[in-house]
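Letter by letter, the chains look like this.
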Amino acid sequence: MKDQWGATLSVGTSASLDAWDTAWTQAVHFVDDPFLTLAGANASDDGFAMGSIFCGVYRILGGSRPDDAAVQTDLKRAQARAQTAAEHQHLEALHHMLAGNYTAAGQTWDSLAGSERNFAAVRFAHDVYLHVGDDGRRLRSSQQAFDRWSPGEHGWGLVAGQLSFALEEAGFYDDAEELGRAALGLDAQDLWARHALAHLYETLDDSAATFALLVDHQNVWAAQDGLAVHLWWHLALRLIAVGSLDEALAIHDAQLPVATTPFRMCDLVSLLWRLELLGVDVGDRWSTLADRFAERSEWHTAAFLDLHAAFLFTRQPDHRATARFFDGVAASHPADVDGFHSENARNFATIVKPLVVAVRNGDTDPAGSLQVFDVLDDQLHRIGGSIAQRDILRLTYNHYERLAADPTKD
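Residues numbered from 1 in each chain as written. Predicted model: local features only at pLDDT ≥ 70, side-chain atom pairs only at ≥ 80, totals over all residues. Heavy atoms only, no water.

Attention now moves to the pattern of salt bridges. Taken as a whole, this structure holds 15 salt bridges when the rule is applied. One salt bridge in this structure joins Arg 390 and Asp 135, with 4.0 Å as the shortest N-O distance. With Arg 390 in helix α22 (residues 387–405) and Asp 135 in helix α8 (residues 135–147), this residue pair connects regions lying 255 residues apart in the sequence. Judged by relative accessible area, Arg 390 falls into the buried class, the value being 12%. With relative accessibility at 18%, the residue Asp 135 sits in the buried group. (Salt bridge = Lys/Arg side-chain N within 4 Å of Asp/Glu carboxyl O. Helix = DSSP H or I, 4+ residues; strand = E, 2+ residues; numbered from the N terminus. Buried < 20%, exposed > 50% of the residue type's maximum accessible area, 1.4 Å probe, protein only.)

Here you go:
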């Protein structure tokens, strides 16, 4: 059967195709629960591979460990059910992800998307390149996808929104705004297009445009809970920029109840850290996040997550999980006899581990931490995320510079 974008899909029943299309509609609009939508078909349809591949991909990108029981169930189902050449390429890419070789996964999906119009491959590649901070490959991948769609065709707005984000991250601001606006004009719930514009206006330091984009349309995106916390974070950054620090802190407090996933927690960690660097007293807010993160299993799986956990536990030195976290980082992803067994292991050894130590020691040895930052400078994009998210490293560096120049000022 064909999915909503025209890609061939192996299914045992038409209900599985409906679940696949519904799950993608939910995913690209960041609403409801695509995993739940696919659960029945994944469990019961022995001819349906792609639902399990979808779940496996996004569990890994969400920080799940490769040996997580749910991930392994997804993998076994996909291995048993993949039938078409495209499904076997998707499965190959998932294997790369499980091995920690994210770039290889993205390249596998790019190859598939270059041979046929396959939105799943396009979106998986886009998201995996964000995971490893590869702006160049994401731009090439997004442009390839965009070239396969024509205005007016179903899905054009989605690939336009993806290309908008890729263009912004690569510095092509006018083109990014044009495509982001076009995509959002087609679908006001295209949250990735709105997100691309939020990044653009953050980069351009345009608070008025951000407020128009977010405040004036809050009734739309605030209900898209899959990414809403991140959009609130964007709004908080602009509030900080205009000096409304109490309002920015209030966003943290309002979003804390729903910040239950690792990446949502990272947004709040980032917000508290930035506010503290500006001299804001955040009270005992760190302890709540530390308690929450301590109960999660997504430790030492993604560079971005461990960096933000380092910020968090640095502010909670006596927390019951602090020593466990820092010891766990140091012991994670050991090298094999012949070197590092994966891209992720190499990133942890060469970027994450020294950076985490630098963050932990920054307030007591700012000069030493600055040296680490300087050595890693041209590699820091490898922690993943966006330019705006990684700006926390620049702000932290500036803080250490001030401490090194005058240790009495904290």
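Following the structure, the description resumes.
What follows concerns a negative patch on the surface. On the surface, a cluster of negative charge is contributed by Asp 374, Asp 377, Asp 378 and Glu 401. As for its placement among the helices and strands, Asp 377 is situated in the loop between α21 (366–376) and α22. The exposed category is assigned to Asp 377, whose relative accessible area is 54%. (Patch = residues over 30% accessible without salt bridge, like charges linked within 9 Å, V, L, I, M, F, W, Y side chains within 5 Å. Areas by Shrake-Rupley, 256 points an atom, 1.4 Å probe, with all protein chains shown as cover. Lys, Arg positive; Asp, Glu negative; His and termini not counted. Charge placed at Lys NZ, Arg CZ, Asp CG, Glu CD.)

Using the criterion set out here, one finds 29 aromatic pairs in the structure. Ring plane angle 50 degrees and centroid distance 5.7 Å describe the contact between Phe 146 and Trp 156, whose orientation is recorded as tilted. A residue pair is termed long-range when its members are at least 10 positions apart, and Phe 146 in helix α8 and Trp 156 in helix α9 (residues 156–170) qualify at 10 residues. Taken as a pair, Phe 146 and Trp 156 share a single burial class, namely buried. Three or more aromatic residues link up through ring pairs in this structure, and these residues are Trp 5, Trp 20, Trp 24, Phe 35, Phe 48, Phe 54, Tyr 58, Trp 109, Phe 119, Phe 124 and Trp 149. A cation sits over an aromatic face here: Arg 117 above Trp 149, 4.7 Å from the ring centre. In this structure, Arg 123 is placed above the aromatic ring of Trp 192, and the distance from its NZ or CZ to the ring centre is 5.4 Å. (Phe/Tyr/Trp six-rings, centres within 6.5 Å; stacked < 30°, edge-to-face > 60°. Lys NZ or Arg CZ within 6 Å of the ring centre and 35° of its normal.)

The values reported here are purely geometric and, on their own, carry no functional implication.
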